[in-house]
Amino acid sequence: MAYDNDNIFACILRREIPAEKVYEDEHVLAFHDIGKLAPVHVLVIPKGAYISIDDFSERASDAELVAYVRAVGRVARKLGVAKTGYRVVTNCGTDANQEVSHFHSHIFGGRKLGGVRPPHSG
Ligand code: 5GP
């Protein structure tokens, strides 16, 4: 599958559509999710054209990989959820309902998040 240059996060990276920025560095952008599911709901994306975590883990440079993981922690600390706890979720592909085909992680926090279970067993 080829990277879609017109996916919504690519548009945000090109500043064609606005996003409420939380953090940015050479390799990473983080911004508030438009469909907030928790008091803190931020998306962390690499600036490079990667479709999924599978793609990112295979093709990203060491610098991009390090920057990404560091950015997740920086965002969590900046927004205060590192003190109380937070969840990092990355949907990958069809079975996980990945809606936007530019690799991203959700950071959820600011309330009790409950346990994590797949919706159906088997
Ligand atoms: P996925 O299901 O791919 O893991 O999550 C995609 C996320 O992108 C969803 O939580 C959705 O609310 C968010 N999203 C979709 N379009 C936009 C947008 O234009 N701006 C922002 N900030 N978030 C978006």
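As a starting point, this report considers the structure included with it.

Cut-offs used in this document
- Residues numbered from 1 in each chain as written.
- Predicted model: local features only at pLDDT ≥ 70, side-chain atom pairs only at ≥ 80, totals over all residues.
- Heavy atoms only, no water.
- Helix = DSSP H or I, 4+ residues; strand = E, 2+ residues; numbered from the N terminus.
- Buried < 20%, exposed > 50% of the residue type's maximum accessible area, 1.4 Å probe, protein only.
- Contact = heavy atoms within 4.5 Å.
- Near = heavy atom within 4 Å.
- Polar contact = N/O pair within 3.5 Å; in protein donor to acceptor, adjacent residues only side chain to side chain.
- Areas by Shrake-Rupley, 256 points an atom, 1.4 Å probe, with all protein chains shown as cover.
- 1 Å grid on protein atoms, 1.4 Å probe; cavity = no way out; pocket = protein on both sides within 12 Å on 5 of 7 lines; lining within 4 Å.
- Sits in = over half its atoms within 2 Å of the grid points.
- Phe/Tyr/Trp six-rings, centres within 6.5 Å; stacked < 30°, edge-to-face > 60°.
- Salt bridge = Lys/Arg side-chain N within 4 Å of Asp/Glu carboxyl O.

A word on the environment of Leu29
Next up, step 1: Structurally, Leu29 can be placed in strand E2 (residues 28-32).
Next up, step 2: For Leu29, a relative accessible area of 3% translates into the label buried.
Next up, step 3: Counting along the chain gives 17 residues from Leu29 to Pro46, while the straight-line C-alpha distance between them is 6.3 Å.
Next up, step 4: In this structure, Leu29 is in contact with Ile12, Leu13, Arg15, Lys21, Tyr23, Glu24, Leu43, Val44, Ile45 and Lys47, ignoring residues within four places of it in sequence.

Topic: the site of the ligand
Next up, step 1: Close to the ligand lie 17 residues; Asp33, Asn91, Glu99, His104 and His106 are nearest.
Next up, step 2: Note that a nitrogen atom of the ligand is positioned 2.9 Å from one of the backbone N or O atoms of His32.
Next up, step 3: Here an oxygen atom of the ligand and a side-chain polar atom of Asn91 are 2.9 Å apart.
Next up, step 4: Calculation on the ligand without its partners gives an accessible area of 520 Å², and the protein chains cover 84% of this total.
Next up, step 5: In this structure, the ligand is accommodated by the largest pocket.
Next up, step 6: Mapped onto the shell around the ligand, the elements with two or more residues apiece are helix H1 (8-13) and E2.

So, the packing of aromatic side chains
Next up, step 1: Enumeration over the complete set of coordinates arrives at five aromatic pairs.
Next up, step 2: When the centroid spacing of 5.5 Å and the interplanar angle of 80 degrees are considered together, the rings of Phe9 and Phe31 count as edge-to-face. A residue pair is termed long-range when its members are at least 10 positions apart, and Phe9 in helix H1 and Phe31 in strand E2 qualify at 22 residues. With respect to burial, Phe9 and Phe31 carry one shared label: buried.
Next up, step 3: Here Tyr50 and Phe56 contribute two aromatic rings whose centre-to-centre distance is 5.1 Å and whose plane-to-plane angle is 75 degrees, an arrangement assigned as edge-to-face.
Next up, step 4: Take Tyr50: its relative accessible area is 7%, and that puts it in the buried class.
Next up, step 5: Owing to a relative accessible area of 3%, Phe56 belongs among the buried residues under this scheme.
Next up, step 6: One aromatic cluster in this structure is built from Tyr50, Phe56, Tyr68 and Phe103.

Structural notes on the pattern of salt bridges
Next up, step 1: Enumeration according to the criterion identifies six salt bridges in this entry.
Next up, step 2: Ionic pairing is found between Arg14 and Glu16, a salt bridge with its closest N-O pair at 2.7 Å.
Next up, step 3: Relative accessible area serves as the criterion here: at 37%, Arg14 is assigned to the partly exposed category.
Next up, step 4: For Arg59, the salt bridge identified is with Asp55, shortest N-O distance 2.6 Å. Here Arg59 and its partner Asp55 are both found in helix H2 (residues 53-59), four residues apart, which amounts to about one turn of the helix.
Next up, step 5: Using a relative accessible area of 46% as the deciding quantity, one classes Arg59 as partly exposed.
Next up, step 6: Through salt bridges with shared partners, one network takes in Arg15, Lys21, Glu24 and Lys47.

Nothing here speaks to function; it is geometry throughout.
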